[in-house]
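Structural overview for review
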Amino acid sequence: ETLYRSFAGNASAEQSRAFASFVRRERHWLLPHGLFELCSARFDGLPWWSWPDEFRERRPQVLLEFLAEDREHFRAVLCEQYLFELEWSALKRYANDRGVAMFGVVIDFTRSSAEKSGVVAEAAVHADPLKGQFYLLKAGGHAGRPSCGI
């Protein structure tokens, strides 16, 4: 949240517009990701299938009230993704300018090795239960490894 406060307090009008544009452009994955991270923090990192029913089932009124309570943390998650995108784009441009092609999925290196693939799958299935068909779901409906080889 300190990073977001620093960004919000020091960003130029152009930087603020670029952040807002990023959020609008990437909202299809960014907003569910932000909500997932916010809930994960609220419930001490427990897997989503262990959350209270109203959060696990994504009940709209409960989630809206929850977002209103912790708006700054939610914005901090979005800002972290925006700043990562800026850094990733700069790194990719630098590499491409030197003839190095970079592509693929970027792993979240802030989590342990055992958590990396599971957290991505959990967030995807929590955001859109229909995506569960792409994962080998474990007992209780939580996500295991991808079933499509990604």
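The following refers to the structure shown. (Residues numbered from 1 in each chain as written. Predicted model: local features only at pLDDT ≥ 70, side-chain atom pairs only at ≥ 80, totals over all residues. Heavy atoms only, no water.)

**Some points on the overall build of the chain**
Convention followed: Think of it this way: any DSSP run of H or I at least four residues long counts as a helix, any run of E at least two long counts as a strand, and we number them from the N terminus. Exposure classes here rest on a 1.4 Å probe applied to the protein chains alone. A residue is buried below 20% of its type maximum, exposed above 50%, and partly exposed in between. Between two residues, a contact is recorded if the distance between any of their heavy atoms is within 4.5 Å.
Counting its regular elements, the chain contains seven helices and zero strands. By the burial criterion, 31% of the 150 residues in the chain qualify as buried. Within the chain, counting contacts between residues at least 6 apart in sequence, those at least 24 apart form 51% of the total.

**Concerning the environment of leucine 35**
If you trace the backbone, leucine 35 turns up in helix α3 (residues 27–42). Leucine 35 sits in the buried class, given a relative accessible area of 8%. The sequence separation of leucine 35 and phenylalanine 74 amounts to 39 residues, and the corresponding C-alpha distance is 6.9 Å. Ignoring anything within four residues of it in the chain, the contact list for leucine 35 reads Arg58, Leu63, Phe66, Leu67 and Phe74.

**A few points about α3**
The condition is simple: Working rule for helices: expected span equals 1.5 Å times residues minus one.
Taking 1.5 Å per residue as the helical rise, α3 with its 16 residues ought to reach 22 Å, and the 22 Å between its terminal C-alpha atoms agrees with that figure. Leu30, Pro32, His33, Gly34, Leu35, Phe36, Glu37, Leu38, Cys39 and Ser40 are the residues of α3 that are buried. Downstream of α3 by a residue or two, aspartate 44 has a phi angle that is positive, lying close to 55°.

**Section: the nonpolar core**
The following threshold applies: By nonpolar core is meant a set of buried Ala, Val, Leu, Ile, Met, Phe, Trp, Tyr and Cys residues that side-chain atoms within 4.5 Å join together.
Counting 22 residues, the largest nonpolar core has Phe19, Cys39, Trp51 and Phe55 as its most contacted members. Residue assignment for this core shows that the elements contributing at least two residues are α1 (2–10), α2 (13–25), α3, α5 (60–69) and α6 (71–97).

**Let's talk about unusual backbone geometry**
If a residue is not glycine, its phi is most likely negative; likewise, a peptide bond is most likely trans. Of note in the backbone geometry, aspartate 44 takes a positive phi value of approximately 55° without being a glycine. Its place among the elements puts aspartate 44 in the loop between α3 and α4 (53–56). Take aspartate 44: its relative accessible area is 72%, and that puts it in the exposed class. Positioned with a positive phi, arginine 58 is a non-glycine residue whose angle comes to about 55°.

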